[in-house]
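# Overview (structure and organization)
Now for the letters of each chain:
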Amino acid sequence: APFPHGDMDCSGDVNSVDALKLLRHVAGLPVTQNEPCPDIGSEVASLFGDIDCDDDIDAVDALKVLRHVAGLPVDLPPGCGPIEEG
């Protein structure tokens, strides 16, 4: 994938800031992105920010990112790419 799954700000790693950006998007708050990082919710290969591949972006996606950051198991459906670092 051109943009790693879970790295919402294209910083090269997945951390709590990525979860915060997802939550801001869900709450309808502005999310600043580093170019050329796509806007959360934009259509890339799939919906950018849809971590669990259920065709929407919600707080569960942010939770999956936080579980990954904490080293906890992340349950993703078959065919849904793993959360990965840049």
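Within every chain, residues take consecutive numbers counted from 1 along the sequence as written. The model is predicted, so local features are restricted to residues of pLDDT at least 70 and side-chain atom pairs to those at 80 or more, both for listing and for counting; the totals for chains, interfaces and linings are taken over all residues. Side-chain figures throughout are based on the complete set of non-hydrogen atoms in the structure, without hydrogens or water.

### Regarding the overall build of the protein
What counts, and what does not: Helical segments are the DSSP runs of H or I of at least four residues, strand segments are the runs of E of at least two, and each set is numbered from the N terminus. Only protein chains enter the calculation, and the probe is 1.4 Å; a residue is then buried if its accessible area is under 20% of its type maximum, exposed if over 50%, and partly exposed in between. Every residue pair with non-hydrogen atoms within 4.5 Å of one another is taken to be in contact. Using a 1.4 Å probe, accessible areas were evaluated by the Shrake-Rupley method; residue-level cover was limited to the displayed protein chains. Neither His nor the chain ends contribute to the count of charged residues, in which Lys and Arg are positive and Asp and Glu negative. Where a charge lies is defined by one atom per residue type: Lys uses NZ, Arg uses CZ, Asp uses CG and Glu uses CD.
In terms of helices and strands, the protein carries 2 helices and 0 strands. Reported as C-alpha extents along the three principal axes, the dimensions of the protein are approximately 30 × 25 × 25 Å. Each of the 86 residues in the protein was classed as buried or not, and the buried ones make up 31%. In the protein, 52% of the contacts between residues at least 6 apart in sequence involve partners at least 24 apart. As displayed, the protein offers around 4800 Å² of accessible surface, 57% of which is attributable to carbon and sulfur atoms. Averaged over its 4 positive side-chain charges, the protein has a centre that lies 8 Å from the centre of its 17 negative ones.

### A short note on the environment of G79
Examined against the element boundaries, G79 turns out to sit in the segment after α2 (59-69). Residue class for G79 comes out exposed when judged on its relative accessible area of 88%. For the pair G79 and C53, spaced 26 residues apart in sequence, the C-alpha to C-alpha distance is 8.7 Å.

### As for the side chain of D50
Short version of the rule: Whenever a carboxyl oxygen of Asp or Glu lies within 4 Å of a side-chain nitrogen of Lys or Arg, that contact is scored as a salt bridge. Think of a polar contact as two N or O atoms within 3.5 Å of one another; within protein, one of them needs to be a possible hydrogen donor and the other a possible acceptor, and neighboring residues in sequence only count if both atoms come from side chains.
Considering the arrangement of structural elements, one finds D50 in the loop between α1 (16-26) and α2. It turns out D50 is buried and unbridged, and the closest side chain with the opposite charge, K64, is 9.6 Å from it. Here C53 takes part through its backbone nitrogen, which lies 3.1 Å from a polar atom of the side chain of D50. Among residues more than four places away in sequence, those in contact with D50 are H5, D55, D56, I57 and D61.

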